[in-house]
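Structural characterization, general
Take a look at the letters that make up each chain.
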Amino acid sequence: MRLLNEVVIVTGATGGIGDAQVRLFARERAKVVVADINEDKGLKLANEISGGGGSALFVNLDVSSGSDWNSLVEITLDRFSKIDVLVNNAGIYRTESIQEENTDDWDRVMSINSKGAFLGTQAVINSMRAKKKGSIINVSSTTALVGSWRGGAYGASKAALLSLTKHSSIQNAKYGIRINAVVPGPIETEMISKNISDPEGRALSESRILLGRLGSPSEVAYAILYLASDDSRYVTGTELLVDGGLTAQ
Ligand SMILES: NC(=O)c1ccc[n+]([C@@H]2O[C@H](COP(=O)([O-])OP(=O)(O)OC[C@H]3O[C@@H](n4cnc5c(N)ncnc54)[C@H](O)[C@@H]3O)[C@@H](O)[C@H]2O)c1
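Definitions and cut-offs
Residues numbered from 1 in each chain as written. Predicted model: local features only at pLDDT ≥ 70, side-chain atom pairs only at ≥ 80, totals over all residues. Heavy atoms only, no water. Helix = DSSP H or I, 4+ residues; strand = E, 2+ residues; numbered from the N terminus. Expected span 1.5 Å × (residues − 1). Buried < 20%, exposed > 50% of the residue type's maximum accessible area, 1.4 Å probe, protein only. Contact = heavy atoms within 4.5 Å. 1 Å grid on protein atoms, 1.4 Å probe; cavity = no way out; pocket = protein on both sides within 12 Å on 5 of 7 lines; lining within 4 Å. Points joined across faces, edges and corners; volume = space filled by probe spheres on them. Nonpolar A, V, L, I, M, F, W, Y, C, P; charged D, E, K, R; others polar. Polar contact = N/O pair within 3.5 Å; in protein donor to acceptor, adjacent residues only side chain to side chain. Phe/Tyr/Trp six-rings, centres within 6.5 Å; stacked < 30°, edge-to-face > 60°. Lys NZ or Arg CZ within 6 Å of the ring centre and 35° of its normal. Pairing = 2+ DSSP bridges. Axes fitted to C-alpha atoms, helices over the stretch in contact; angles between N-to-C directions. Parallel < 35°, antiparallel > 145°, perpendicular 65-115°, else oblique. Left-handed = near helix turned anticlockwise from the far one by under 90°.

What about helix H5 (residues 153-172)?
When the terminal C-alpha atoms of H5 are compared, their 28 Å separation across 20 residues agrees well with the 28 Å that a helix rising 1.5 Å per residue should span. All buried positions along H5 are accounted for by Ala153, Tyr154, Gly155, Ser157, Lys158, Leu161, Leu162, Leu164, Thr165, Ser168, Ser169 and Asn172. Tucked into the core, H5 has its buried residues touching helix H4 (103-130), strand E5 (134-139), strand E6 (177-184) and strand E7 (239-242).

Some details on empty space enclosed by the protein
Gaps left between atoms are located by rolling a probe of water-molecule size over the structure's atoms. Summed over the entire model, instances satisfying the criterion amount to one cavity of 30 Å³ or more. The volume enclosed by the largest cavity comes to roughly 50 Å³. Residue contributions to the lining of the largest cavity peak at four residues, all from H4. In the lining of the largest cavity, the residues fall into six nonpolar, five polar and no charged.

Some remarks on the side chain of Arg178
Of note, Arg178 is situated in strand E6. At 2.8 Å, the side chain of Arg178 and the backbone oxygen of Ser232 are in polar contact. Separated by 3.0 Å, the side chain of Arg178 and the backbone oxygen of Val235 make a polar contact. Beyond its immediate chain neighbours, meaning those up to four positions away, Arg178 contacts Gly134, Ser135, Ile136, Leu227, Ala228, Ser229, Ser232, Arg233, Val235 and Thr236.

Considering the packing of aromatic side chains
One pass over the structure, following the stated rule, counts one aromatic pair. Consider the rings of Tyr93 and Tyr154, whose centres lie 4.8 Å apart with planes at 85 degrees: the pair is edge-to-face. On the criterion of sequence distance, the pair formed by Tyr93 in the loop between strand E4 (85-88) and H4 and Tyr154 in helix H5 is long-range, its members being 61 residues apart. Assessed through its relative accessible area of 25%, Tyr93 is described here as partly exposed. Here the basic side chain of Arg129 rests over the ring of Tyr175, its NZ or CZ set 3.9 Å away from the ring centre.

Details of the sheet that holds E4
Sheet architecture is open: seven strands sit in the order E3-E2-E1-E4-E5-E6-E7, paired in parallel fashion. The open sheet is flanked by strand E3 (55-60) and E7, the only strands paired with a single partner. The average undirected angle you get between the axes of adjacent strands in this sheet is 20 degrees. Across four bridges, the pairing between E6 and E7 is parallel.

Things to note about the packing of H4 against H5
The geometry of a pair of packed helices is captured by two quantities: the angle between their axes and the separation between those axes. Look at H4 against H5: their axes get within 8 Å of each other, and the N-to-C directions meet at 15 degrees. Compared by their axis directions, H4 and H5 come out roughly parallel. The handedness of the crossing between H4 and H5 is right-handed. Contact with H4, carried on its side by Trp106, Val109, Met110, Asn113, Ser114, Ala117, Phe118, Thr121, Ile125 and Arg129, involves Ala153, Tyr154, Ala156, Ser157, Lys158, Ala160, Leu161, Leu164, Ser168, Gln171 and Asn172 of H5 and no other residues of that element. Here the contact of H4 with H5 is composed, by residue class, of twelve nonpolar, seven polar and two charged.

Structure (structure tokens):
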């Protein structure tokens, strides 16, 4: 029970990696706030956890909206009285090259993937500072570290998260708050389904990975659990790669 009675907010909680986290954290006895724009899936997931004897609450959150963040914090404190962990996990993916990308799409990616985590950090920090304890995990991507033929906006938005992680960890360590990033490689979720749906695309992705296969959502969730729990109490400002060795070469 590595998160016994800890209050954990997961954004993008109904997607592949988010859903895996919610289920894992609930098994570790956390009280989980399931935050997403997908109300149907979010309510279903939270009900499933609560029905199974766990504790979960769905809150409709668009991470790019400051007022949504304010109400999420209010609802969470009202229901659970504290916030121990925030996972900035929500994200959208784009594959257009820099030449193909238009400014509206660039802004949208930045607004959800980068600004979302900035707003989330700001929104929870006062309640974490008040009790001198907290853990924030930003879900970045290996596209922040290495370039590719497709994409541009997505990788740049994920690189911004690595910088946000370093700056915010420095600014909050003295308040007992640890802030880290996880950096997944390709993980089998809806997000990259187009890239891997044809056998050739899949084989190409897998051929670049030292461990020879794509990752699963629960393999990322376990890395986030480590950063969320006291097991990582001496770890802050770091970037934990979960990429099967993709970027080791
Ligand atoms: N799947 C991969 O290969 C991979 C690799 C590296 C990093 N990541 C990152 O992991 C995180 C989770 O990705 P996933 O693979 O589970 O993707 P996913 O598409 O399965 O899930 C994304 C979730 O984010 C939610 N979301 C989208 N816009 C939102 C908004 N404005 N506000 C709140 N929620 C919103 C969606 O409803 C969905 O539940 C993302 O940040 C993604 O960039 C994924």
